[in-house]
Amino acid sequence: MQRRNFLSSLAIGMGAAPGFAAGLQDFAESLKTAANETDYWKRVRQEFLLNPGLAHLNTGSLGATPRCVLDGIAGMLYQLEGDPVSNVFGPMGYRMDAVRAKAAELLGAATDEVAVIENTTSGMNYVAQSLIRSLKPGDEILTTNHEHPGGAVCWEYLAKYHGAKIVTLTIPVPVRDKAQIVELVQSHISPRTRVCSFSHVDTITGMRMPIAEISAITRPKDIILVCDGAQAPGMIKVDVKSLGVDTYASSSHKWMLAPKGSGLLYIRKDMQDTIRPLPLHSGYQAYTGATGTRNVCNVLGHGLAMEFHSTIGSQRVENRCRELSKIMRETLSKNPRLELLTPAQDDLATGMVSFKLKKGTAGDLYTRLLKDFEIMIKVVAKSEYNGIRLSTHIYNNEAEIERLAWAIEKIQSNSA
Ligand SMILES: Cc1ncc(COP(=O)(O)O)c(C=O)c1O
């Protein structure tokens, strides 16, 4: 669906709600007047409500939603409450399908392959639960030691209650190159492997997994390739067809900057007979007998956030996230007390980079950075790395990276 069509179809649904997307249009106009790149990103930053002193370097946990999207949602909430039943089960509710079409466009999928859901975890759960009937005890699910619980618990459930066997591949840190990962996947596949479940972007290191190369192995063997895309859409361009995945679940409240509780689930058309989640039983529409009533304004706000993303452009967003991430990598690499956990190769890089602390604990550093310097980072979830993860999005800038590097050195030298 083209941008104009999405906005106008929302507008039809909004009826009398004036200006629900006006802020987005004003934002688009204001970008056109930016004098140069610096000015352009400054203008983008102004669209966010982030506390002025806060350096938010943890979009990997949650993104910030732009003002024009929030204004749109607020307007819709007010309109909806004027006549809740008519709006939710009428014109506003119908517009949720436009959100699905917009999501399909961004993922490179057909509209009837995409559902608008709550988050990655629920998407992964829907997929795993609908595989219960096709997996026999002893069938293998190949995954990695770097999966987030949101992409792992669903398989642990199948192992505990249905006899599936989880085979865990250890991600080398740092990874040598793409080929090393592909070889590892290949060598862990057995005649019993029925499912491969991998993150598109590794939550621990920020590495981009070579999913297209992996699908070239799994597809000919009829192994179902399930992808946890929590950290990808909104940060790197995603095309589910060229990735060759069978399912793809994501969280739009991270890099897509959508309201919290916004996610997507793609299931490849040819797999829809095999993978049949209950919430999609009556079709992929957001309101069905299987889904019940939805938070219509949140879903429509999810659509506005995707429009906000398209206003800048997926490629431009990816370039900026990666440009800043490279600066982050190079700047923090100068600190001898930090050791890079993320591979430096371009084809494995994303908008997240992680470092191991050679001195002090990641938890203490996190607390000091937030309390004393107003810098929000993430402690790497696996304690054995004693690591920190830094996300860079379109609202971040070079000065924040310098500030982080300076703050880390100050904390480390004070505790020397
Ligand atoms: C790779 C990965 N999968 C799943 C999740 C869980 O996301 P959500 O809580 O939105 O379901 C995260 C969150 O950080 C993640 O990084």
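Since the model is a prediction, treat every value here as computed from it, not as a measurement. (Residues numbered from 1 in each chain as written. Predicted model: local features only at pLDDT ≥ 70, side-chain atom pairs only at ≥ 80, totals over all residues.)

## Topic: the packing of helix 2 (residues 22-32) against helix 4 (residues 67-82)
Test applied: Angles shown run from 0 to 180 degrees and are taken between the N-to-C directions of axes, each axis being a line fitted to C-alpha atoms and, for helices, limited to the stretch in contact. A run of H or I in DSSP counts as a helix once it spans at least four residues, and a run of E counts as a strand once it spans at least two, with each numbered from the N terminus. The scheme is simple: roughly parallel for angles under 35 degrees, roughly antiparallel for over 145, roughly perpendicular for 65 to 115, oblique for anything else. Should the near helix be turned counterclockwise from the far one by less than a right angle, the crossing is left-handed, whereas a clockwise turn marks it as right-handed. By definition, residue pairs are in contact when their C-beta atoms, positioned from the backbone, come within 7 Å.
One way to put it is that helix 2 packs onto helix 4 with a least axis distance of 7 Å and a crossing angle of 160 degrees. Relative to helix 4, the element helix 2 lies roughly antiparallel. With respect to the hand of their crossing, helix 2 and helix 4 are arranged in right-handed fashion. Note on element contacts: helix 4 touches helix 2 through R67, C68, D71 and G72, opposite G23, L24 and F27.

## Some remarks on the domain arrangement of the protein
Interface extent is often summarised as the accessible area lost during association of the parts. In plain terms, the rule: Note: domain ranges come from an automatic or database domain assignment. Amino acids outside the nonpolar list (Ala, Val, Leu, Ile, Met, Phe, Trp, Tyr, Cys, Pro) and the charged list (Asp, Glu, Lys, Arg) are all regarded as polar, and Gly is one of them.
Domain assignment breaks the protein into domain 1 (96-308) and domain 2 (315-414). Once you take the C-alpha centre of each, domain 1 and domain 2 turn out to be 27 Å apart. On the domain 2 side, the residues contacting the 17 residues of domain 1 number 22 residues. A class-by-class count of the residues in the side of domain 1 that touches domain 2 yields nine nonpolar, four polar and four charged.

## A few points about the sheet that holds strand 2 (residues 114-117)
Across a sheet, paired strands are connected by hydrogen bonds in the backbone, their directions being either parallel or antiparallel. Using the following cut-off: We treat two strands as partners when DSSP finds at least two bridges between them.
Read across the open sheet, the seven strands follow the order 2-8-7-6-5-3-4; overall the sheet is mixed. With partners counted over all chains shown, the strands left at the sheet margins are strand 2 and strand 4 (165-169), one partner each. Each neighbouring strand pair of the sheet contributes to a mean axis angle of 15 degrees, computed without reference to strand direction. By the bridge criterion, five bridges tie strand 3 (residues 140-144) to strand 4 in an arrangement that is parallel. Its bridge partner lying in strand 4, T143 is registered against T168. Strands in contact with helix 8 (residues 120-130) are strand 2, strand 6 (224-228), strand 7 (247-251) and strand 8 (263-267); relative to strand 7, the strand with the most contacts, it is inclined by about 155 degrees.

## Describing the packing of helix 2 against helix 13 (residues 296-312)
One can describe the packing of helix 2 onto helix 13 by two numbers: an axis separation of 10 Å at closest approach and a directional angle of 10 degrees. On the basis of the axis angle, helix 2 is roughly parallel to helix 13. Mapping the contact onto sequence places L24, F27 and A28 in helix 2 and L304, E307, F308 and T311 in helix 13. Of the residues contributing to the contact of helix 2 with helix 13, the split by class is five nonpolar, one polar and one charged.

## Side note on the site of the ligand
Going by this rule: We count a residue as near a molecule or strand when its backbone-placed C-beta atom lies within 6 Å of that partner.
Contacts to the ligand come from 13 residues, most closely from N119, H148, G150, A230 and S251. Going through the elements one at a time, helix 8 and helix 9 (149-162) are the ones with two or more residues in the shell around the ligand. A per-class count over the shell around the ligand returns one nonpolar, eleven polar and one charged.

## A short note on the sheet that holds strand 12 (residues 378-379)
Here we have four strands laid out as an open sheet, ordered 9-10-13-12, and antiparallel in their pairing. One side of each edge strand has no neighbouring strand; the edge strands of this open sheet are strand 9 (338-340) and strand 12. Judged from the three bridges that link them, strand 9 and strand 10 (residues 352-357) form a sheet pairing that is antiparallel. Of the residues in strand 10, the one forming a bridge with L338 is L357. The sheet strands contacting helix 14 (residues 314-332) are strand 9, strand 10 and strand 13 (387-391), and the helix crosses strand 10 at an angle near 15 degrees. Sheet strands in contact with helix 15 (residues 362-373) are strand 10, strand 12 and strand 13, and its direction is about 45 degrees off that of strand 13.

## What to know about the pairing of strand 8
Rules: Partly exposed residues are those whose C-beta has more than 12 but fewer than 20 other C-beta atoms within 10 Å; 20 or more makes a residue buried and 12 or fewer makes it exposed, with C-beta atoms placed from the backbone.
Of all five residues that make up strand 8, five are buried, and the element is covered over most of its length. Side chains of strand 8 alternate between two faces, with G263, L265 and I267 and L264 and Y266 buried alike. Alignment of strand 2 against strand 8, held across four bridges, turns out to be antiparallel. Pairing of A115 across the sheet is with L265, part of strand 8. Where strand 7 and strand 8 come together, five bridges link them in antiparallel fashion. Bridge pairing links T247 to I267 in strand 8.

## Here's the deal with the environment of D71
Along the chain, D71 falls in helix 4. D71 sits 264 residues away from N335 along the chain, and the two C-alpha atoms are 42 Å apart.

## Side note on helix 8
Helix 8 sits mainly inside the fold: eight of its eleven residues count as buried. Restricting attention to buried positions, one finds in helix 8 the residues T120, T121, G123, M124, N125, Y126, V127 and A128. For helix 8, the secondary structure elements touched by its buried residues are strand 2, helix 9, strand 6, strand 7 and strand 8.

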